[in-house]
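Okay, here's what each chain looks like letter by letter:
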Amino acid sequence: TRNGIDFAVADMSLHEFGRKEIRLAEHEMPGLMAFRREYSGVYPLKGARISGSLHMTVQTAVLIETLVDLGAEVRWASCNIFSTQDHAAAAVVVGRHGTEEEPKGVPVFAWKGETLPEYWWTCEQMLTWPGGKGPNMILDDGGDATLLVHKGVQYEAAGVVPAAEDNDSDEYKIVLDTLRNSLAADGKKWTTIAEGIRGVTEETTTGVMRLYQLAAAGELLFPAINVNDAVTKSKFDNRYGIRHSLIDGINRGTDVLIGGKVAVVCGYGDVGKGSAESLRGQGARVIVTEIDPICALQAAMDGYQVAKLETVLPIADIVITTTGNKDVVTVEHMSQMKHQAILGNVGHFDNELDMAGLQRYPGIRRNNIKPQVDEWIFPTGRTIIVLSEGRLMNLGNATGHPSFVMSNSFSNQVIAQIELFTKHEEYDNEVFRLPKVLDEKVARIHLEALGGELTKLTKEQAEYIDVDVEGPFKADHYRY
Ligand code: NAI
């Protein structure tokens, strides 16, 4: 704690560098800056206490400071052990008017290279407000903050945290330990926190899937807004963001020439489409694997070979998973990959790759090349290069998506936070999406920033296609 702010970051002396990059990012985040201007002096988030769990990057710093400018108090943690940019974390703690000795910013609990117990500690710190107040809003990416609150409430009601089961992951065992400790210290901690929460806004496909599962089981404890499925989020961040940051991660991690190589992309959803395009852009021959015939046909129409992973492993130089599913690349697959083939995952969790199986493989050895790059040596002598230990390698090996595309995503986050904070009584404990007019508003701001000229409908044209001159321009079922 310094100047009344509790925090845990790697190195506070990095704050000036962080501030410089935040300043450059602000120019590239016109959506967030437009909200700062629009709500100047209005403070729609006054009284909001937002606990945020989202990659602590430079772009997220601009989001955090926008939420603060709109009146919110904020506490933050990263949603991935490798995704924090330490200079951004330090700058957010110091704030725009503070110093290293006298920080005036936001409590941040995040550093690059957390262990899993440290990760869940930061998650708990971010949700634990001083003075016994809890958060009244959650801003989540992947659903870990929401999970901790929901599991905490469940086990407090039962009065006991169950013992881990054999098939629970090592990570889930840490979650159970975290909750066991908090139950011993305060039998009502999570129940009290949950009662104060007006809602959660969720950033990504995987977190949204978890929310719909909770809602379907009737277990969701507060309303949720699915930010991911705003068109200006998933059709831009997931796709064009990864088109930038996937190859950035491969380059920084391995510096291997991508041109001429065979790259397999598992999954052809939004992230898969952007991944395939970025690899093709570098001159790779891209092959796609899919389980869904519609997405598989799209891949074929886009000119990619569609194949099963097993079929193409013998020729694959690079394998990237983008599915949000588990066990997509098994240890058997890994053992059949080419010598020094590169394996990386950009789906939200590391269980897309069977990392646990790899660690247990008889006779396997691990040779760390540098942070977030490991060579795994099979008994045959053949090796594979695994990026970021199977976790989001575009954030672990590089710096994630660039500012401009994150401005789209985070503009939707800001809108969703204002909506649930100010109108939570109007929402049941279900999962909602933002109205299309707001999506179009976000797109309009970013189009203008790029110098794009939008054609305006005449009244007659608008009537003819049955829309309003000012929009929304599409029906909700339109797919873009
Ligand atoms: P999506 O649902 O659009 O795409 C996933 C695709 O994978 C689907 O088409 C599905 O049919 C396919 N799939 C599922 N199981 C498969 C399997 N066993 N083999 C081959 N294909 C399979 O989801 P989206 O939006 O593309 O997100 C994918 C993942 O990426 C999620 O975990 C999401 O949270 C994460 N994400 C990561 C980002 C990053 O910066 N790395 C950014 C945005 C999302």
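Note that this is a predicted model, so its numbers are computed, not measured.

### Some words on the sheet that holds strand β12 (residues 365-370)
Ordered by their spatial adjacency, 8 strands build an open sheet running β9-β8-β7-β10-β11-β14-β13-β12, and the pairing between neighbours is mixed. At either end of the open sheet lies a strand with only one pairing partner, and these are β9 (305-306) and β12. Pairing between strand β10 (residues 318-321) and strand β11 (residues 341-345): 4 bridges, direction parallel. Bridged to Val319 within β11 is Leu343. Across the sheet, helix α10 (residues 231-254) touches β10, β11, β12, β13 (373-377) and β14 (383-387), and the angle it forms with β14 is around 125°.

### As for the sheet that holds strand β1 (residues 49-53)
With parallel pairing, the 7 strands of this open sheet are ordered in space as β3-β2-β1-β4-β5-β6-β15. Unpaired on one side and paired on the other, β3 (108-109) and β15 (431-432) mark the two borders of the sheet. Of the pairings in the sheet, the one linking strand β4 (residues 137-140) to strand β5 (residues 199-202) comprises 4 bridges and is parallel in character. Its bridge partner being in β5, Met137 is matched across the sheet by Gly199. Packed on one face of the sheet, helix α3 (residues 58-69) meets β1, β2 (73-77) and β4 and runs near 160° to β2.

### Structural notes on the site of the ligand
Near the ligand there are 26 residues, and of these Thr204, Thr205, Thr206, Val271 and Glu290 occur at the shortest range. One nitrogen or oxygen atom from the side chain of Asn238 is found 2.9 Å from an oxygen atom belonging to the ligand. One of the backbone nitrogen or oxygen atoms of Asp270 is found 3.2 Å away from an oxygen atom of the ligand. Protein contact buries 84% of the 860 Å² of open area that the ligand shows by itself. When contributions to the shell around the ligand are tallied by element, the ones reaching two or more residues are α9 (205-216), α10 and α11 (270-281). Ranked by residues supplied to the shell around the ligand, first place goes to α10 with 3 residues. Considered class by class, the residues forming the shell around the ligand number 7 nonpolar, 15 polar and 4 charged.

### Focus: the side chain of Gln59
Within the secondary structure, Gln59 sits in helix α3. Under the relative-accessibility criterion, Gln59 is labelled buried at 9%. Apart from the residues within four sequence positions on either side, Gln59 is in contact with Met29, Thr399, His401, Pro402, Ser403, Met406 and Phe410.

### Topic: the pairing of strand β7 (residues 262-266)
Burial of β7 is extensive: 5 of the 5 residues sit out of reach of the surface. A two-sided burial pattern is seen for β7, the buried positions comprising Val262, Val264 and Cys266 on one face and Ala263 and Val265 on the other. Relative to strand β8 (residues 285-289), β7 runs parallel, the two being bridged by 5 bridges. The residue bridging Ala263 from the neighbouring strand is Val286, located in β8. Considered for its hand, the β-α-β crossover made up of β7, α11 and β8 is right-handed. Two elements, β7 and β10, share 4 bridges in a ladder whose sense is parallel. Bridge pairing in β10 places Val265 opposite Ile320.

### A closer look at the packing of α3 against helix α4 (residues 86-94)
Axis separation between α3 and α4 bottoms out at 8 Å; the angle between their running directions is 20°. In terms of orientation, α3 and α4 fall into the roughly parallel class. Helix-helix and strand crossings are classified by hand; for α3 and α4 the assignment is right-handed. Counting all contacts with α3, which are made through Val58, Ala61, Ile64 and Glu65, the residues of α4 involved are His87, Ala88, Ala91 and Val92.

### Some details on the pattern of salt bridges
Under the criterion given, the structure shown has 25 salt bridges. One salt bridge in this structure joins Lys189 and Glu124, with 3.0 Å as the shortest N-O distance. Of this pair, Lys189 sits in helix α8 (residues 189-196) while Glu124 sits in helix α5 (residues 116-127); the two residues are 65 residues apart in sequence, bridging distant segments of the chain. Close ionic contact of Glu470 with Lys456 constitutes a salt bridge, the shortest N to O distance being 3.0 Å. Remark: Lys456 occurs in the loop between α18 (436-449) and α19 (459-464) and Glu470 occurs in the segment after α19; sequence separation between them is 14 residues. For Lys456, a relative accessible area of 53% gives the class exposed. The network of salt bridges with shared partners includes Arg19, Glu26, Arg36, Glu65, Asp69 and Arg96.

### Considerations on the UniProt feature "binding site: substrate" (unreviewed entry) in the chain
Those places that UniProt annotates as "binding site: substrate" (unreviewed entry) correspond, in this numbering, to Thr57, Asp141, Glu203, Lys233 and Asp237. Note that Asp141 resides in the loop between β4 and α6 (144-158). For Asp141, a relative accessible area of 5% gives the class buried. Apart from the residues lying within four places of it in its own chain, the contact partners of Asp141 are Ser53, Leu54, His55, Cys79, Glu202, Glu203, Thr204 and His348. Within polar-contact distance, the side chain of Asp141 engages the side chain of His55 at 3.5 Å. By the element assignment, Asp237 lies in helix α10. Look at Asp237 and you get buried, because its relative accessible area is 5%.

### Describing the packing of α3 against helix α17 (residues 403-423)
At a closest axis distance of 10 Å, the pairing of α3 and α17 adopts a crossing angle of 30°. Accordingly, the angle class assigned to the pair α3 and α17 is roughly parallel. The handedness of the crossing between α3 and α17 comes out as right-handed. Residue-level contacts link Gln59, Thr60, Leu63, Thr66 and Leu67 of α3 to Ser403, Met406, Phe410, Val414 and Gln417 of α17.

### Here we look at unusual backbone geometry
The residue after Gly471, namely Pro472, is reached through a cis peptide bond having omega 0°. Locating Pro472 in the fold gives a position in the segment after α19. You will see that Asn3, though not glycine, has its phi angle at about 55°, which is positive. You will see that Asp466, though not glycine, has its phi angle at about 65°, which is positive. Here Asp466 shows up in the segment after α19. Overall, the relative accessible area of 68% leaves Asp466 in the exposed class.

Quick notes on the rules
Residues numbered from 1 in each chain as written. Predicted model: local features only at pLDDT ≥ 70, side-chain atom pairs only at ≥ 80, totals over all residues. Heavy atoms only, no water. Pairing = 2+ DSSP bridges. Helix = DSSP H or I, 4+ residues; strand = E, 2+ residues; numbered from the N terminus. Contact = heavy atoms within 4.5 Å. Axes fitted to C-alpha atoms, helices over the stretch in contact; angles between N-to-C directions. Near = heavy atom within 4 Å. Polar contact = N/O pair within 3.5 Å; in protein donor to acceptor, adjacent residues only side chain to side chain. Areas by Shrake-Rupley, 256 points an atom, 1.4 Å probe, with all protein chains shown as cover. Nonpolar A, V, L, I, M, F, W, Y, C, P; charged D, E, K, R; others polar. Buried < 20%, exposed > 50% of the residue type's maximum accessible area, 1.4 Å probe, protein only. Right-handed = clockwise from strand over helix to strand, strands pointing away. Parallel < 35°, antiparallel > 145°, perpendicular 65-115°, else oblique. Left-handed = near helix turned anticlockwise from the far one by under 90°. Salt bridge = Lys/Arg side-chain N within 4 Å of Asp/Glu carboxyl O. UniProt positions renumbered as here; feature names shortened; annotations may be inferred.

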